[in-house]
Each structure stands twice: as structure tokens, then as C-alpha cells.
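Working through the structure, step by step
As a plain string of letters, each chain reads:
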Amino acid sequence: MYPKIILELKKKITESNVIMSFIGPFSQGIIEEIGRALREYMKNDKNLNTPSNNVFSVFIEQSQNIKNYERILTAEEKNHVFLESILLIGKSEQKYFISSGNIIKKEDMQSLKEYINKINSLSKDEIKLLYKKRLKETFKSKTGGAGLGFLEMAKRASEKFEYDFIKLDENYYYFILIIKV
């Protein structure tokens, strides 16, 4: 039974153009290992059409966002059935994509949605200006960061962010983010 499931899964992953994936809680060590594998993969990619630093930076920002958000969850929330986060890295039509999914609290969903919509409405020049402005501020996000991660990803993205929020229950959503580079 399991060998057949593995072959079916491999086929679906290949058809989806996924080259790397991780499911589970994110730690700095996990991020570093995936990062090493990604750098090695890109080093051997003969058809790399985008600077590898752009792909790597988006991967780091998405991974750090997941890790930092997981850190603010309570012990009870960490035992939630939907906690496991996912990161997929793939390549389709000469573009890399970095997709992530993680649980977020209902109370954080609306502000995150508004922030992503704001970023998606900006031009590349406006994103760079907002990034520079944020660098000068002493802003601290709920997760302890400076709030630059999404702007950093937007600077490097080749398209607007794709995202979705899937309701899990009355208190939690699963946040999906797809960035193409």
C-alpha cells in the first residue's frame, strides 16, 4: 500500500513542479538546511532566469514569517490539529515560486489581508519608497520584526502576491501565500 501512495505522491509533486517541500514546525536549523539545498539546486539550474538571491531572499522571508508567527502561539495553540506549516518551492515556466501555508489567529487575518492588498496595489518604485521609510521607523510587529519581510518579498517578486485564508474553525485560519520570482 505505502509504495503505491509514495509513487502517486511523487507523481503529483512532479506534475505541480515542486522541487522542495517541508511540512512541520519551523526552526532556524530547518530553515538553514532547506536554504542550503535550495542554493545547491539553483547553482545547478542551467536555465536560471532570475537572480538566485531573489529566490533565496523570498524563501528566507517566508520561512522566517512562519517561524516567528509560530513563536507567538501559546502552548495550547501549538497543539492545534492544523498547526503544521508547509513550504513548497518549485519552478514553472522559467519562474520560481515559493508557497507557504500556516495557521493564523482570526484576529490577525483582516490586518494581514489589508497589508497584502496594500502591497499588491503599489508599483515597484512605491514598494521601494515604503521599504526605505520603514527602515527609518522604529516599528516593531506583533512577532517582533520590523515589518519589512513582505516589502522585501514584494521588491523581489515578479508578480503580485497570491494568497488565501481558509477558515479552520471559529478562531483560526490557514494562510496560504504564493510568491513568484
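In case you missed it, the structure is sitting above this.
The structure reproduced in this document is the subject of the present report. (Residues numbered from 1 in each chain as written. Predicted model: local features only at pLDDT ≥ 70, side-chain atom pairs only at ≥ 80, totals over all residues. Heavy atoms only, no water.)

Re the sheet that holds strand E2 (residues 85-92)
Here is the rule: Note on pairing: two strands pair once DSSP finds at least 2 bridges between them. Runs of H or I in DSSP of at least four residues are treated as helices and runs of E of at least two as strands, each being numbered from the N terminus. A fitted line through C-alpha atoms serves as each axis, taken over the contacting stretch for helices, and the angle formed by two N-to-C directions is quoted from 0 to 180°. Residue contacts are defined here by distance: any two heavy atoms, one from each residue, within 4.5 Å place the two residues in contact.
Reading across the sheet, the five strands line up as E1-E2-E3-E5-E4 and stay open at both edges, with antiparallel pairing between neighbours. Two strands bound the open sheet, and with one partner strand each, they are strand E1 (18-24) and strand E4 (162-167). Strand-to-strand, the axes of this sheet are offset by a mean angle of 10°, without reference to chain direction. Here E2 runs beside strand E3 (residues 95-105); their pairing, made up of seven bridges, is antiparallel. Among the inter-strand pairings, Ser92 is bridged to a residue of E3, identified as Lys95. The strands touched by helix H2 (residues 28-43) within the sheet are E1, E2 and E3, with E1 carrying the most contacts at an inclination of about 175°.

Focus on a positive patch on the surface
Keep this limit in mind: A residue counts toward a patch only above 30% relative accessible area and without a salt bridge, and it is joined to like-charged neighbours within 9 Å or, for Val, Leu, Ile, Met, Phe, Trp and Tyr, to nonpolar neighbours within 5 Å. The protein chains shown are the only cover counted for residues, whose accessible areas, like all others here, come from Shrake-Rupley with a 1.4 Å probe. Put simply, a salt bridge is a Lys or Arg side-chain nitrogen that is within 4 Å of an Asp or Glu carboxyl oxygen. Residues counted as positive are Lys and Arg, residues counted as negative are Asp and Glu, and His and the chain ends are not counted. Here the site of a charge means atom NZ of a Lys, CZ of an Arg, CG of an Asp or CD of a Glu. Accessible area is worked out with a 1.4 Å probe on protein chains only. A residue is then buried under 20% of its type maximum, exposed over 50%, and partly exposed in between.
Among the surface-exposed residues, Lys124, Lys128, Lys132, Lys136 and Lys160 lie close enough to one another that they form a single positively charged patch. Here Lys136 lies in helix H6 (residues 124-136). You can call Lys136 exposed: its relative accessible area is 74%.

A closer look at the nonpolar core
Quick reminder of the rule: Buried residues of nine kinds, namely Ala, Val, Leu, Ile, Met, Phe, Trp, Tyr and Cys, make up a nonpolar core once their side-chain atoms join them within 4.5 Å.
With 43 residues, the main nonpolar core has Ile89, Phe150 and Phe161 as its most contacted residues. Setting aside anything within four residues of it in sequence, one finds Ile89 in contact with Asn17, Val18, Ile19, Met20, Ile34, Leu38, Phe59, Tyr96, Phe97 and Ile98.

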